[in-house]
Every structure is written in C-alpha cells, then in structure tokens.
Amino acid sequence: MKTAANVTRLWVDEFALASALSAHDLTVRQVLPSVEVLDSAGPARVVGNYGYSGSQNGFFDAATGASNFDQQSFTDLRIDESHYLSRAYGTAVGATAYLEIIRLTERPLAVAREEAVLLHFSHEGAGGLARGALLGSGAAAVQNYAGVNLGATVSGKTFAVHFHLIAIAAATITMKLQESQNDGAPDAYADIAGLTSGALAAAGIVRVTTTAATEAWKRLVVSGAFGSATIAVCAGLVASA
Amino acid sequence: MAKVASIVADFELSSVAIEDELTSISMDVRQQVIQVDGLSSVGPERVQGNYDWSFGLEGTWDGASGQGDSLLFDLVASTSGTVGFEPDGVTAGPSNPNYDGSVLLESYSIKSAVGAANTYSATLQGSGALSRAVA
C-alpha cells in the first residue's frame, strides 16, 4: 500500500519523535565484492556484509518534558551506547516497520534568517536491521492486541522486538509477544519464550530477540496495573545470510 | 518498431510486477574498453573486455506484503534476485526486446518528508550475464 509521509512514526529509545521531525530517510547498502574472472560473461559478484544509515530532519524544541528534542538528541542519544530506533510506515497495527540499532553521527542545529530553527540528526547502523510490523502504539490498555502475520521464522534466524515505553504513571506495565500458526484459531496464542519486556515502572526501551523458530502470527499482550502508559512496539526478522 | 511512452513499461523483481509503484527505471550497461595504444597509433586504439550492468529504480514506497519494499528487503544479505524488464511492455519478440538477469542489491533508500508520499530508490547490480530476449 502506498502511503503519505505524514503517517510515518519514529521512536528512539523512550522518545517519540514524530512531533519533532519533518522528514527522515533510511538507506541500506550492501558490500558486493567483484569476483570477475577471465571467462566471466557479464559481472560476477558475491554478497558481503551490509550497513545502513539514516537522517532525520526536524525543528529545534527545548520545551521541558517529553517533546524536548534538543535534550533528547544532545544529552540522551549522544552518549556512548547503541540506541534502538523503530520506524513505522503507518499508525495502525500491522503497518510495515523497520527496527534499527543506531549510533548518532551528527546533530547539526541551523539558524537562518526568516526560517524556523532547525535541528537534525543522522546515524549509522550498529547491528542487524530488521523488517516487520508495528504491533501496538499510543495509549496502552491491558489487552490482547490484534494479531499480525509476520511469517514463520526458522531456528537460527533472529527475530527482534522493540518495546518502547514512552511514558508511564502509577505502577508497572508488562508487554510480551505471543504466537499462533493461524491467528488464534484453531492454534491458540501462546507466549514466545524470551520476548517480554518484563515489568517496567519507568520510561525506557527494551530490545529482546530470539533465534528459536516462531509461528507466523504474532500479537502484543499488555498486562499490569498502571494509571496510564504510552507505548510503541515493533517486531521483525533481522536480515542475515 | 514504434516509439513508446514509459506508461507501457513493465518491470519484474523476483518474478513480481512492480511497475505500478515505479516512477523511474534505468538500465545501465558498461563495457570494459581497454586502451591499447602503441607508439605508432593514430588516435586511440582499444579492445573490448567484459561488461557490467545495473538497474536503478525509483518509486512510490509500497509496504504491502509481496510488493517492492518486502522484495527489496529480501535481497539484503541474500544471494540474488531476478529482474525482467520489458521497455515496451510486450512479451519478447523480434521488435520487443526483454532484458532479464540475476541481480544483487547494492543500495536501498526510503525517504519520507512532510507533504509528500513515502518514496524509495534502489540500485541493483548485475550478477552474471544480461540477456536480451527477442523470441
């Protein structure tokens, strides 16, 4: 399905960035060494590793609180550790999503006459890139979310989940993934070992993976006792040979 | 052979037609043309070696199952895919060349910006011979 850019959403760690950004891109590059020999007819190549990078263009915002894009990009995302970015191309459960492990590379802040103050950041990939779907976002409720057919995965392939907890008030929330061969009927949904956030009491990010085989349909299950919580959960299969 | 507008062009990636999302297709063939000038050459002297080829694609991003985004991501860390290009949208014939071959994904970029659709571009490098079918 073709989509307009304004339905896309980005989350990095515990930050929802759609309210700060006006444009973003993701680029994947593969290493393709030439193995051309004397009797080659046409090119001969083999596949090496891959890399990816992205850039996000937005507006400077120093407001206190969750929308503080300046603090997020300078203080929180610039520290020496990998961060987890989820990029969804839609807001509904099932929208295509990419799951990235990133390191920030630059963060230019630009001021020019007669224009808004701009704040951008760019990043390089720092781990496997996964493609899958958005399993739930926005205000969380204790419930089973709709199932999504992400395709069965085989043992040895890495299936990744990003549990972004943007905000929470009054106690704890637990998020986990369940699987079914056919959206619950006749094969009932069951927990996937290891794919849980655990009980969370503060905003943050939890990335979990499994290399065990999984069934085609996955759904998000939210439990716990909380006054309010804002979440974004994406899951997908990591590209690998 | 009549000249044709781009609206008729067909393009298959891994046996799936994706011309409905493409806005631009470019096929580039590059020859190794090696200069072998001697002392007495008058003007350049060259011989021909192997060749290389690639496809450049641009389109409106489509995340649906089995469409361009999933087909291109399937080529990340993968061995190869196939392409089939019919410039005039007609099955191969004497006046209707079709270009086919195996490809490897070199790059894939998705772009999103306020006021526009999600778009993408990709470069597919040839892997082996490029065939021009006319029958």
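These figures come from a predicted structure and were not determined experimentally.

Right, let's get into the overall build of chain B. Of regular secondary structure, chain B possesses 1 helix and 8 strands. If you list the helices and strands of chain B from N to C, you get β-β-β-β-α-β-β-β-β. A compact globule built from 135 residues would reach a C-alpha radius of gyration of about 14 Å, whereas chain B, at 18 Å, exceeds it by more than 25%. When each of the 135 residues of chain B is scored for burial, the buried share is 30%.

Across its full length, chain A holds 1 helix and 15 strands. Scaling as 2.2 N^0.38, a compact globule of 241 residues should have a C-alpha radius of gyration of about 18 Å, and chain A matches this with 20 Å. Summarising its shape, the C-alpha atoms of chain A cover approximately 70 × 65 × 35 Å along the three principal directions. The buried share of chain A, reckoned over its 241 residues, is 42%. Put simply, of all contacts in chain A between residues at least 6 apart along the chain, 72% involve residues at least 24 apart.

All names here are of chain A. Backbone torsion omega between Ala185 and Pro186 reads 5°, so that peptide bond is classified as cis. Structurally, Pro186 is set in the loop between β12 (159–180) and β13 (190–200). Even without a glycine there, the phi angle at Ala170 is positive, about 65°. A positive phi is found at Ala171, a non-glycine position, where the angle reads about 95°. Positionally, Ala171 belongs in strand β12.

Let us look at the environment of His164 of chain A. All names here are of chain A. On the secondary structure map, His164 appears in strand β12. Exposure remark for His164: the 26 C-beta atoms within 10 Å place this residue in the buried category. For the pair His164 and Gly138, spaced 26 residues apart in the sequence, the C-alpha separation amounts to 10 Å.

Residues and elements named next belong to chain A. Ranked by size, the top nonpolar core spans 81 residues in total, and within it Ala133, Leu135, Val233, Cys234 and Ala235 carry the most contacts. It is strand β15 (residues 217–238) that provides the largest number of residues to this core, a total of 11 residues. Dropping the residues within four chain positions of it, Ala235 is found in contact with Gly132, Ala133, Leu135, Leu150, Phe159, Ala160, Val161, Leu177 and Lys218.

So, about the interface of chain A and chain B. On the side of chain B, 36 residues touch chain A, which itself brings 33 residues to the contact. Looking at the side of chain A that touches chain B, its residues break down into 16 nonpolar, 11 polar and 6 charged. The pairing of strand β3 (residues 21–30) of chain A with strand β6 (residues 98–113) of chain B spans 7 bridges and is antiparallel. Its bridge partner lying in β6 of chain B, His24 of chain A is registered against Ser112 of chain B.

All right, on to the pairing of strand β6 (residues 96–106) of chain A then. Residues and elements named next belong to chain A. In terms of strand pairing, strand β5 (residues 83–88) meets β6 through 6 bridges, oriented antiparallel. Along β6, the bridge assignment pairs Leu85 with Glu100. Here 4 bridges tie β6 to strand β9 (residues 130–139), and the two strands are oriented antiparallel to one another. The residue of β9 that forms the bridge with Thr96 is Ala133. In this sheet, strand β8 (residues 118–125) lies alongside β6 in antiparallel orientation, the contact comprising 4 bridges. Each bridged residue has a counterpart across the sheet, and for Ile102 the counterpart in β8 is Gly125.

Let's shift gears to the pairing of strand β4 (residues 46–60) of chain B. Residue and element names in this part refer to chain B. Relative to β4, strand β3 (residues 22–35) is paired through 12 bridges, and the arrangement is antiparallel. Across the sheet, Gln35 pairs through a bridge with Arg46, a residue of β4. As judged from the 7 bridges shared by β4 and strand β7 (residues 119–126), these two strands associate in the antiparallel manner. Residue Leu57 lies in a different strand from β7, and its bridge partner there is Ala122.

With that settled, consider the confidence of the model for chain B. For chain B, mean pLDDT is 95; residues scoring 70 or higher make up 99% of the total. This complex was scored by the predictor with a pTM of 0.92 and an ipTM of 0.86.

All names here are of chain A. Along helix α1 (residues 69–76), the positions that sit buried rather than exposed are Phe69, Gln72 and Ser73. For α1, the angular spread of buried residues about the axis comes to 85°, placing them on one side. Packing partners of the buried residues in α1 comprise β2 (15–16), β4 (50–59) and β8.

It is worth spelling out the environment of His123 of chain A at this point. Residue and element names in this part refer to chain A. By the secondary structure assignment, His123 is in strand β8. Placed 109 residues apart in sequence, His123 and Glu14 show a C-alpha to C-alpha distance of 17 Å. Setting aside its immediate chain neighbours within four residues, His123 contacts Ser53, Gly54, Ile102, Arg103, Leu104 and Thr105.

Residue and element names in this part refer to chain A. Within the secondary structure, Leu21 sits in strand β3. By C-beta crowding, Leu21 is classed as buried, having 22 other C-beta atoms within 10 Å. Remark: the alpha-carbon pair of Leu21 and Gln56, spanning 35 residues in sequence, is separated by 6.7 Å. For Leu21, the contacting residues outside a window of four places in its chain are Leu10, Gln56, Asn57 and Gly58.

Procedures and definitions
- Residues numbered from 1 in each chain as written.
- Chains lettered and ligands numbered in written order.
- Predicted model: local features only at pLDDT ≥ 70, side-chain atom pairs only at ≥ 80, totals over all residues.
- Helix = DSSP H or I, 4+ residues; strand = E, 2+ residues; numbered from the N terminus.
- Rg over C-alpha atoms; globule rule 2.2 N^0.38 Å.
- Buried ≥ 20, exposed ≤ 12 C-beta atoms within 10 Å, placed from the backbone.
- Contact = placed C-beta atoms within 7 Å.
- Core = buried A, V, L, I, M, F, W, Y, C linked by C-beta atoms within 7 Å.
- Nonpolar A, V, L, I, M, F, W, Y, C, P; charged D, E, K, R; others polar.
- Pairing = 2+ DSSP bridges.
- pLDDT = per-residue confidence, 0-100.
- Arc of directions from axis to C-beta.

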